[in-house]
Amino acid sequence: MSAQVVRRDVVVASLADLQERERIVVDVEGTELGLYFYAGEVRAWYNVCPHQGGPVCQGKTMPRTVQLVRGEGGLKSGGPGFHPTDRNIVCPWHGFEFDILTGKHPADHRVGLRPIPVRIDADDVIVTV
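Now for a description of the structure that goes with this document. Every value quoted in this text rests on a predicted model; they were computed, and no experiment measured them. (Residues numbered from 1 in each chain as written. Predicted model: local features only at pLDDT ≥ 70, side-chain atom pairs only at ≥ 80, totals over all residues. Heavy atoms only, no water.)

### Some thoughts on the environment of G79
Of note, G79 is situated in strand β6 (residues 76-90). Residue classification places G79 among the buried residues on the basis of a relative accessible area of 18%. Separated by 35 residues in sequence, G79 and R114 place their C-alpha atoms 32 Å apart. Setting aside its immediate chain neighbours within four residues, G79 contacts V66, Q67 and L68. (Helix = DSSP H or I, 4+ residues; strand = E, 2+ residues; numbered from the N terminus. Buried < 20%, exposed > 50% of the residue type's maximum accessible area, 1.4 Å probe, protein only. Contact = heavy atoms within 4.5 Å.)

### Observations regarding the state of the cysteines
Applying the stated criterion to the full structure yields zero disulfides. C91 takes part in no disulfide bond, and the closest cysteine sulfur, belonging to C49, lies 3.9 Å away. Given the relative accessible area of 4%, C91 is considered buried. (Disulfide = S-S within 2.5 Å.)

### A look at the sheet that holds strand β7 (residues 97-99)
The strand order β5-β6-β7 describes an open sheet built from three strands, whose pairing is antiparallel. In this open sheet, the two edge strands, each paired with only one partner strand, are β5 (61-70) and β7. With strand direction ignored, the average angle separating the axes of adjacent strands in the sheet is 45°. The pairing of β6 with β7 spans three bridges and is antiparallel. Of the residues in β7, the one forming a bridge with N88 is D99. (Pairing = 2+ DSSP bridges. Axes fitted to C-alpha atoms, helices over the stretch in contact; angles between N-to-C directions.)

### Considerations on the sheet that holds strand β2 (residues 23-28)
Pairing is antiparallel across the open sheet formed by three strands, whose spatial order is β2-β3-β4. Only two strands of the sheet have a single partner each, and these edge strands are β2 and β4 (41-46). Averaged over all pairs of adjacent strands, the angle between their axes in this sheet comes to 25°, without regard to strand direction. Here six bridges tie β2 to strand β3 (residues 31-38), and the two strands are oriented antiparallel to one another. From the neighbouring strand, V28 faces β3, where its bridge partner is T31.

Okay, here's the thing in structure tokens:
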């Protein structure tokens, strides 16, 4: 007989605070979560990098790095640049990057952050743990 997992909703932040700060890392019963507000969306991820277990949500968020091209037909390198809208979470341990909205690694979509169910009710940000 297997034990049944009981999930419950926990209010972890106010939407207004999350919108202002854009990221909040919280502890819910011993489990750290990263809450993000970007492009009008709210996301929640476990604060564990799939690479080597680093505190990924403690890292910076920054535009996704892209390779710029220049010249006729785009045949020459324009050096590195930043995507105008895509933002990544960058793990502070080894620099692994993950899309802030999908949680996926930009080069290997099989690798990604583990999501937490999150919803908004009035001004409450609620996760299901």
